[in-house]
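Fold and contact review
The lines below spell out each chain.
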Amino acid sequence: MRVFDLGRGSMESAATQLSEADIPDESLLHANPGVILSEPLFVFGRQPAVETGILDLLALDQWGNIVVVELKRGQSGSGSASEETVLSQPQNYAQSLATYGYEALNEIYQAYQADVEAGRWDVGEWAVPASELDDSFEHVFGQPLKPADFNTTQRMVIVAETITRRTEQNA
């Protein structure tokens, strides 16, 4: 599977391949969030439901921003990676999450924590470093974050096996 940067903040439309990886499913990304971007991430939700659907992975970056990670199987333009869903699903999820304050994010974390403890997700103890989201954030990133500073920006990452020219242009 190839990972592309679709020109964050750039005026030019260009997809740049970031790295080669053989990622069979979201389990590997969940267990190794460092391969998603070239920066640390803290996954605090897996398949959480928001009003627009169920997203694959939900993470925080080192600034407390939401990172929606959506995996698309198959060639861009078909199946779960249809042109209509490759970009619209993560955008819809990010839009839904834009209104979430700390308490709503902590509820997602509490559900995730219960799933990890129940053995639903096969991850190490590192996945749930503390009982509250803000404490876990501080444990993972080594710095505290005030509840009001969580989720000031939403980011989207799409991981797909291939990407068509049309998808690249749309992004």
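Everything numeric in this text was worked out from a predicted model, so none of it was measured. (Residues numbered from 1 in each chain as written. Predicted model: local features only at pLDDT ≥ 70, side-chain atom pairs only at ≥ 80, totals over all residues. Heavy atoms only, no water.)

Regarding the packing of aromatic side chains
Applying the stated criterion across every chain, the model contains four aromatic pairs. Ring geometry for Phe-42 and Tyr-109: centres 6.1 Å apart, planes at 55°, overall tilted. Highlighted residues: Phe-42 in strand 3 (residues 42-46) and Tyr-109 in helix 3 (residues 102-117), separated in sequence by 67 residues. Take Phe-42: its relative accessible area is 2%, and that puts it in the buried class. In this structure Tyr-109 comes out as buried when scored by relative accessible area, which is 0%. A ring pair is formed by Phe-137 and Phe-141, whose centres lie 4.7 Å apart and whose planes are at 45°; its orientation type is tilted. Taken together, the residues Phe-137 and Phe-141, both in helix 4 (residues 133-141) and four residues apart, mark about one turn of the helix. Of the two residues examined, Phe-137 and Phe-141, each falls in the buried class. Through a chain of ring-to-ring contacts, three or more aromatic side chains come together here, namely Tyr-102, Phe-137, Phe-141 and Phe-150. (Phe/Tyr/Trp six-rings, centres within 6.5 Å; stacked < 30°, edge-to-face > 60°. Helix = DSSP H or I, 4+ residues; strand = E, 2+ residues; numbered from the N terminus. Buried < 20%, exposed > 50% of the residue type's maximum accessible area, 1.4 Å probe, protein only.)

Thoughts on the side chain of Asn-151
Examined against the element boundaries, Asn-151 turns out to sit in the loop between helix 4 and strand 8 (154-160). Residue Asn-151 is classed as buried on the basis of its relative accessible area of 6%. One polar contact links the side chain of Asn-151 to the main-chain carbonyl oxygen of Leu-97, over a distance of 2.7 Å. Within the structure, Asn-151 has its side chain in polar contact with the backbone oxygen of Tyr-100 (distance 2.9 Å). For Asn-151, the contacting residues outside a window of four places in its chain are Gly-64, Ile-66, Leu-97, Ala-98, Tyr-100 and Leu-105. (Polar contact = N/O pair within 3.5 Å; in protein donor to acceptor, adjacent residues only side chain to side chain. Contact = heavy atoms within 4.5 Å.)

Digging into the pattern of salt bridges
The tally for this structure, following the rule as stated, stands at three salt bridges. Its salt-bridge partner being Arg-155, residue Glu-39 comes within 2.8 Å of it at the nearest N-O pair. Here Glu-39 is found in the loop between helix 1 (26-31) and strand 3, whereas its partner Arg-155 is found in strand 8, with 116 residues between them in sequence. By relative accessible area, Glu-39 is classed as buried at 17%. With its nearest N and O atoms 2.8 Å apart, the salt bridge here joins Asp-61 to Arg-155. Remark: Arg-155 occurs in strand 8 and Asp-61 occurs in the loop between strand 6 (57-60) and strand 7 (66-72); sequence separation between them is 94 residues. Among the ionic contacts, a cluster of salt bridges with common partners joins Glu-39, Asp-61 and Arg-155. (Salt bridge = Lys/Arg side-chain N within 4 Å of Asp/Glu carboxyl O.)

With respect to helix 4
Burial in helix 4 covers these residues: Leu-133, Ser-136, Phe-137 and Phe-141. One side of helix 4 carries all its buried residues, which in axial view fall inside an arc of 110°. Where helix 4 is buried, its residues touch strand 3, strand 6 and helix 3. Of the residues trailing helix 4, Gly-142 is marked for its positive phi of about 75°. (Arc of directions from axis to C-beta.)

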